[in-house]
Amino acid sequence: MSTLTTAAYLVSSVLFILSLRGLSHPSTARRGNFLGILGMTIAIVTTLSNPGVLSYKEIGIAFLIGGLIGTSIAVKIQMTALPQLVAAFHSLVGLAAVFVAASAYYNPSAFNIGTVGSIPIGSLIEMSIGTAIGAVTFTGSIIAFGKLQGFVSGNPLVFKGQHFINLLLGLGIIALIVKFCIDQNQELFWLIVFASFVIGVLLIVPIGGADMPVIVSMLNSYSGWAAAGIGFTLSNNLLIITGALVGSSGAILSYIMCKGMNRSFLNVLLGGFGGEQAASAGGVKDDRQAKQGNAADAAFMMKNSKTIIIVPGYGMAVAQAQHALREMGDLLKAAGAEVRYAIHPVAGRMPGHMNVLLAEANVPYDEVLELDEINRDFSETDVAFVIGANDVTNPAAKTDKTSAIYGMPILDVENAGQVFFVKRGMASGYAGVQNELFFRDNTLMLFGDAKKVCEDIIKGLEN
Amino acid sequence: MSEISNQLENLSFKAQQIANEASQLASSVAETSGGHSDFIIFGITVLVLACFVGYYVVWSVTPALHSPLMGVTNAISSVIIVGALLAAGPVDSDISKYFGLVAVTLAAVNIFGGFVVTNRMLSMFKKKQ
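All values reported here derive from a predicted model rather than from experimental measurement. (Residues numbered from 1 in each chain as written. Chains lettered and ligands numbered in written order. Predicted model: local features only at pLDDT ≥ 70, side-chain atom pairs only at ≥ 80, totals over all residues. Heavy atoms only, no water.)

Draft legend 1. Main features of the packing of helix α12 (residues 295–303) of chain A against helix α18 (residues 450–462) of chain A. Residue and element names in this part refer to chain A. Viewed as axis vectors pointing N to C, α12 and α18 meet at an angle of 60 degrees, and their least axial separation amounts to 8 Å. Between α12 and α18, the angle is such that the two are oblique. The way α12 lies across α18 gives a crossing that is right-handed. Residue-level contacts link Ala295, Ala298, Ala299, Met302 and Lys303 of α12 to Val453, Asp456, Ile457, Gly460 and Leu461 of α18. (Axes fitted to C-alpha atoms, helices over the stretch in contact; angles between N-to-C directions. Helix = DSSP H or I, 4+ residues; strand = E, 2+ residues; numbered from the N terminus. Parallel < 35°, antiparallel > 145°, perpendicular 65-115°, else oblique. Left-handed = near helix turned anticlockwise from the far one by under 90°. Contact = heavy atoms within 4.5 Å.)

So, in structure tokens, the structure goes:
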């Protein structure tokens, strides 16, 4: 690699770091994204000027096809479908890593790593590890995509001996890698790919839909490590640096999500949490009656309050209620109330999901606050309006040591003067735990579709 | 007779040439593989340091922008296209080239998709008027 090439790759790496740095504040974020594009352009142009790269025509066609597909998907996608889009994109990185590794195996001289059949052992190890991670990322992301999109049931799929099978497969892959590094046999290479595909599926099927934020972040991390692995094969620092950035980013996001649920990463990975199983096991039969209200009551009460905090959850995304919700907020502001939004770290199906949806509905970002910033204010708030969220408001997390969600940080909506719960029915949340709050004196349930309820309240406010 | 001896001479010359080439190849292979084992240590150094950079940079990202963060990281992880371009580069068509071209397409979907969707998300974040 010439000095100039190395220097250009270094510039790309720095631009990538700066692009992530830009995301520290919404005002610098767009510039950050632009720096990322610049870094990628430099990386691609530099690689194209490599003397070994000659087939410009074919590359141009491939690049154009990919670019058109990517752009048209990204332009059309609905913001509520972001989590599955990101999962689908991760799968492509994984698959690309597998193809690059396969190509390096069949034509090592293009990568300066010896000739067919006599690839140095170091490169073989890197190649096979990169392949395995890439393949796991591919199928794992496809399953995550299916669960988020609803192609595959969001319930955890658990069967006996599951973890034992995964362990065996994992050990099998290691054994295959060792054998491959000795023999350089092509059947072994494809066996590694196949076994990694299988383990990718098996790892994700037992994990429930609402744990997907952790999984999507984890797969994000994996796609980074796969890129870093290929970076070792190519002796390319740019890939290693970028891979490490992406890898640590995904790992940190998974950590934040796990902390937001007070569960260990291992507990999430082992799966089986949530879904129907947990609901039947944890849901104690309850004969108590929750107070039920209607939209007109809610409109009247909110019109006469000074401070309102809205707590959105995944239910708001499902009902596409963000626009109606913002309109309701605007009317309340016009009536003289202070309206703010409180976001729990695990609200939605991916990190920051609610923030994007509210931004889409034109809610200014300085009205949207994180748990730590706003939690103390609930006690001085007239109305807490919970829409599509459940477990993240359950006070049992603080008091009931036997509860499945004990220890999870929650939004203290109970401290507000009046609590409204917009829900479709009395069903318990993802964790399968009944929410104490439904039966409190200051709680009023508003049953119905989140969007419909918001629209009814808007009508009530306009009268 | 003289023809045969000529041919023999030619053959021995060719053998000499091949031997020379082989020894050159061997030394270059030794060089690259020797150089490569050096790179592993160097590469691990870079990896570990980059992890620290990533750690501090990512913790400074505001939670409100965690979705765009995933969009950007998803796009830049497609820097794997560097490997795909090298694989697709050679003129002669063989299987490794086609693998490379497929990888270029996949990575391009991600690069464009990732950056465009991130830009869409970020353009929606507005301050209070």
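Draft legend 2. Spatial organisation of the interface of chain B and chain A. Tallying the contact residues gives 82 residues for chain B and 109 residues for chain A. Of the roughly 8,300 Å² buried between chain B and chain A, counting both surfaces, carbon and sulfur atoms make up 77%. Three residues, Met70, Ile80 and Phe99 of chain B, lead the burial of chain B against chain A; their summed loss comes to 9% of the area buried on that side. Linking chain B with chain A are 2 salt bridges, by the criterion used here. A salt bridge links Lys127 of chain B to Asp366 of chain A, with the shortest nitrogen-to-oxygen separation between them at 3.9 Å. One can count 17 residue pairs in polar contact (both at pLDDT 80 or more) joining chain B with chain A. Mapped onto the side of chain B that touches chain A, the elements with two or more residues apiece are α1 (2–59), α2 (66–76), α3 (81–88) and α4 (95–124) of chain B. Here the side of chain B that touches chain A takes 28 residues from α4 of chain B, the largest share from any one element. By residue class, the composition of the side of chain B that touches chain A is 52 nonpolar, 24 polar and 6 charged. (Buried area = accessible area lost by both parts, 1.4 Å probe. Salt bridge = Lys/Arg side-chain N within 4 Å of Asp/Glu carboxyl O. Polar contact = N/O pair within 3.5 Å; in protein donor to acceptor, adjacent residues only side chain to side chain. Nonpolar A, V, L, I, M, F, W, Y, C, P; charged D, E, K, R; others polar.)

Draft legend 3. Molecular detail of the sheet that holds strand β4 (residues 383–387) of chain A. All names here are of chain A. A sheet is described by the order of its strands in space; here 6 strands give the open sequence β3-β2-β1-β4-β5-β6, paired in parallel fashion. Taken across any chain shown, the strands that pair with only one partner, and hence form the sheet edges, are β3 (368–370) and β6 (443–447). Averaged over all pairs of adjacent strands, the angle between strand axes in this sheet comes to 25 degrees, irrespective of strand direction. Here 5 bridges tie strand β5 (residues 418–423) to β6, and the two strands are oriented parallel to one another. If you follow Lys423 over to β6, its bridge partner there is Phe447. Docked against the sheet, α12 engages β1 (307–312), β4, β5 and β6, running at close to 145 degrees with respect to β5. Packing of helix α15 (residues 353–360) onto the sheet brings it into contact with β1, β2 (338–343) and β3, and relative to β2 it is tilted by some 145 degrees. (Pairing = 2+ DSSP bridges.)

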